[in-house]
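What follows is the residue order along each chain.
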Amino acid sequence: MAEKIVSGARPSDEQLFEDARGNDRRAMELLLSRLQPSVYRFGLKMCRNDADAQDILQDTLLAVSRNIGGFRGDSSVSTWVYTIARSFCIKKRRRSKFAPAQIESLADVDESRREQSGVESPDRKFEVRQMESALDGALAELDVKYREVFVLRDVEGLSAEEVSQVMGLSVQAVKSRLHRARDMVRLRMEPLVLGIGRSVAPPCVDIVKKYSQHLEGDITGSVCETMQRHVDGCEACKHACDSLRKTLSACRDSAARYNSVPIEVQDRLRRFLQTSGSKVKI
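Residues numbered from 1 in each chain as written. Predicted model: local features only at pLDDT ≥ 70, side-chain atom pairs only at ≥ 80, totals over all residues. Heavy atoms only, no water.

### What to know about the overall build of the protein
The condition that has to hold: The way it works is that DSSP assigns letters per residue, a run of H or I at least four long becomes a helix, a run of E at least two long becomes a strand, and they are numbered from the N terminus. Summary of the burial criterion: residues with accessible area below 20% of their type's maximum are buried, those above 50% are exposed, and those between are partly exposed, where the area comes from a 1.4 Å probe applied to protein chains only. Whether two residues are in contact is decided by their heavy atoms, any of which lying within 4.5 Å being enough. Only the protein chains shown count as covering a residue, and every accessible area follows the Shrake-Rupley method with a 1.4 Å probe.
The number of helices and strands found in the protein is 12 helices and zero strands. Mapped from its N terminus to its C terminus, the protein presents α and β elements in the order α-α-α-α-α-α-α-α-α-α-α-α. By residue count, 49% of the 282 residues in the protein fall in the buried class. Considering only intrachain contacts with a sequence separation of at least 6, the fraction spanning at least 24 residues in the protein is 74%. Approximately 14,200 Å² of the protein is accessible, and the part contributed by carbon and sulfur atoms is 49%.

Right, here's the structure in full:
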């Protein structure tokens, strides 16, 4: 269901959350509708399976509607919701540990499931599909502990501090995994994002980690200036930094394109909530 504007203004997540905690049924409906795309996208990228992603979506929203009154406000709304969604992802992986792998390519999801911004040329569609397929493959190759931090930070846009709360790790541990994950995804994406059809020579120093640290605000001042001077004079390190920057941009673009939930999934979710005794309708 499309979100409606209340009193001419779009309420914030926090406002909807507080109103929902006060038994405002309409606020709860709007909140759950707003949460749908991010939870569904998170489930897709973590479980690599559309059916699992749908299960995670419905279980997460039902848990939110049933437990919102017990939320103490120790974290942000998004952090709390992703923590719930992650717990269902973990349960899903445990249940299917000994089952045959059911890996799906997100690039094969029907284009009607993507939010398109205007009419795209065939060349642009092909380019986007190539990029999403490469990103999909890169995420599939990541170990779960690296995929989680990468998806939460660079696809869903949570801060490192928020990711640490979702995963129950220190901020330092999150950043350590993040830097490693970024480099692994970058290596897979490099030929495509640089348009060279092949990998280039590796950087002569650990410039990717330093650039990743810079993006997290951990390297500034003279260290940053020294790093930039080196990159300006080193083609290999410049390629590495460019490929990381363009890879992260592709992640943001992917999140924007998967910013809606298929109608059939919404219908299934609506039926699930009704049969589960939920008082809200979305």
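Having seen the structure, we can now continue with the description.
### Things to note about the packing of aromatic side chains
To keep things clear, this is the line we draw: Ring pairs shown here join Phe, Tyr and Trp side chains whose ring centres sit within 6.5 Å, with only the six-membered ring taken for Trp; geometry is labelled stacked below 30 degrees between planes, edge-to-face above 60, and tilted in between.
For the coordinates displayed, the defined rule picks out four aromatic pairs. Consider the rings of Phe-17 and Phe-71, whose centres lie 4.9 Å apart with planes at 85 degrees: the pair is edge-to-face. Note that Phe-17 is positioned in helix H1 (residues 13-21) and Phe-71 in the loop between helix H3 (50-67) and helix H4 (77-95), a separation of 54 residues in sequence. By the burial criterion, Phe-17 is buried, and Phe-71 matches it. Aromatic side chains Phe-42 and Tyr-82 sit 5.6 Å apart centroid to centroid with 70 degrees between the ring planes, which places their arrangement in the edge-to-face category. Pair noted here: Phe-42 is in helix H2 (residues 25-47) and Tyr-82 is in helix H4, with a separation of 40 residues, a long-range link. Each member of the pair, Phe-42 together with Tyr-82, is buried.

### Here's the deal with the packing of H3 against helix H12 (residues 263-275)
To keep things clear, this is the line we draw: Only C-alpha atoms enter the line fits that serve as axes; for helices the fit covers just the stretch in contact. Angles between N-to-C directions range over 0 to 180 degrees. Angle categories: roughly parallel below 35 degrees, roughly antiparallel above 145, roughly perpendicular from 65 to 115, and oblique for all the rest. Each crossing is labelled by how the near helix is turned from the far one, with a counterclockwise turn of less than a right angle marking it left-handed and a clockwise turn marking it right-handed. Amino acid classes used here: Ala, Val, Leu, Ile, Met, Phe, Trp, Tyr, Cys and Pro are nonpolar; Asp, Glu, Lys and Arg are charged; the rest, including Gly, are polar.
For the pair H3 and H12, interaxial distance at closest approach is 10 Å and the crossing angle is 45 degrees. Classified by the interaxial angle, the pair formed by H3 and H12 is oblique. The hand of the H3/H12 crossing is right-handed. Side by side, H3 and H12 meet where Ala-51, Gln-54, Asp-55, Leu-57, Gln-58, Asp-59, Leu-61 and Leu-62 of the first sit next to Val-265, Arg-268, Leu-269, Phe-272 and Leu-273 of the second. Along the lines of polarity and charge, the residues of the contact of H3 with H12 split into eight nonpolar, two polar and three charged.

### A few points about the pattern of salt bridges
Keep this limit in mind: Within this document, salt bridges are pairs made up of a side-chain nitrogen of Lys or Arg and a carboxyl oxygen of Asp or Glu, the two lying within 4 Å of each other.
Taken as a whole and judged by the stated rule, the model has 22 salt bridges. The salt bridge partner of Asp-52 is Lys-92, with a shortest N-O separation of 3.8 Å. Residue Asp-52 is located in helix H3, and its partner Lys-92 is located in helix H4; the two are separated by 40 residues in the primary sequence. Neither residue differs from the other here; Asp-52 and Lys-92 are each classed as buried. Within the structure, one salt-bridge network assembled from shared partners comprises Asp-52, Asp-55, Lys-92 and Arg-268.

### Regarding the packing of H4 against helix H7 (residues 160-167)
Packing of H4 against H7 brings their axes to within 9 Å, and their N-to-C directions diverge by 40 degrees. Looking at the two axes, H4 sits oblique to H7. Our pair here, H4 against H7, has a crossing hand that is right-handed. On the side of H4, the interface is formed by Ser-78, Thr-79, Tyr-82, Thr-83 and Arg-86, while H7 contributes Glu-162, Gln-165, Val-166 and Met-167.

### A few points about helix H5 (residues 122-141)
In plain terms, the rule: In a helix, the anticipated span is given by 1.5 Å times the number of residues less one.
Along its 20 residues, H5 runs 29 Å from first to last C-alpha, staying within 8% of the 28 Å computed at 1.5 Å per residue. Those residues of H5 that sit buried are Val-128, Glu-132, Ala-134, Leu-135, Asp-136, Gly-137, Ala-138 and Leu-139. Where H5 is buried, its residues touch H2, helix H6 (144-155), helix H8 (171-194) and helix H11 (235-257).

### Some details on the nonpolar core
A general feature of soluble globular proteins is that nonpolar side chains tend to end up buried together. Heads up, the condition is: Here, the term nonpolar core denotes a set of buried Ala, Val, Leu, Ile, Met, Phe, Trp, Tyr and Cys residues that are joined through side-chain atoms within 4.5 Å.
Ranked by size, the top nonpolar core spans 76 residues in total, and within it Leu-32, Phe-42, Leu-57, Trp-80, Phe-150, Leu-152 and Ile-207 carry the most contacts. Broken down by element, the residue count for this core peaks at 12 residues, all from H2.

### Observations regarding the confidence of the model for the protein
Put simply, the test is: The predictor rates its confidence in each residue with pLDDT, a number between 0 and 100.
Of all residues in the protein, 86% have pLDDT values of 70 or greater, and the mean over the chain is 85. Note that residues 98-103 has pLDDT below 50 and, in this model, three contacts with residues that lie over four places away or in other chains.

### Side note on the state of the cysteines
As a reminder, the rule being used: Cysteine sulfur atoms are paired as a disulfide whenever they come within 2.5 Å of each other.
Tallied over the full model, the rule gives zero disulfides. Of all cysteine sulfurs, the one in Cys-89 lies closest to Cys-47, which takes part in no disulfide; the gap is 3.9 Å. Cys-47 gets classed as buried once you look at its relative accessible area, which sits at 11%.

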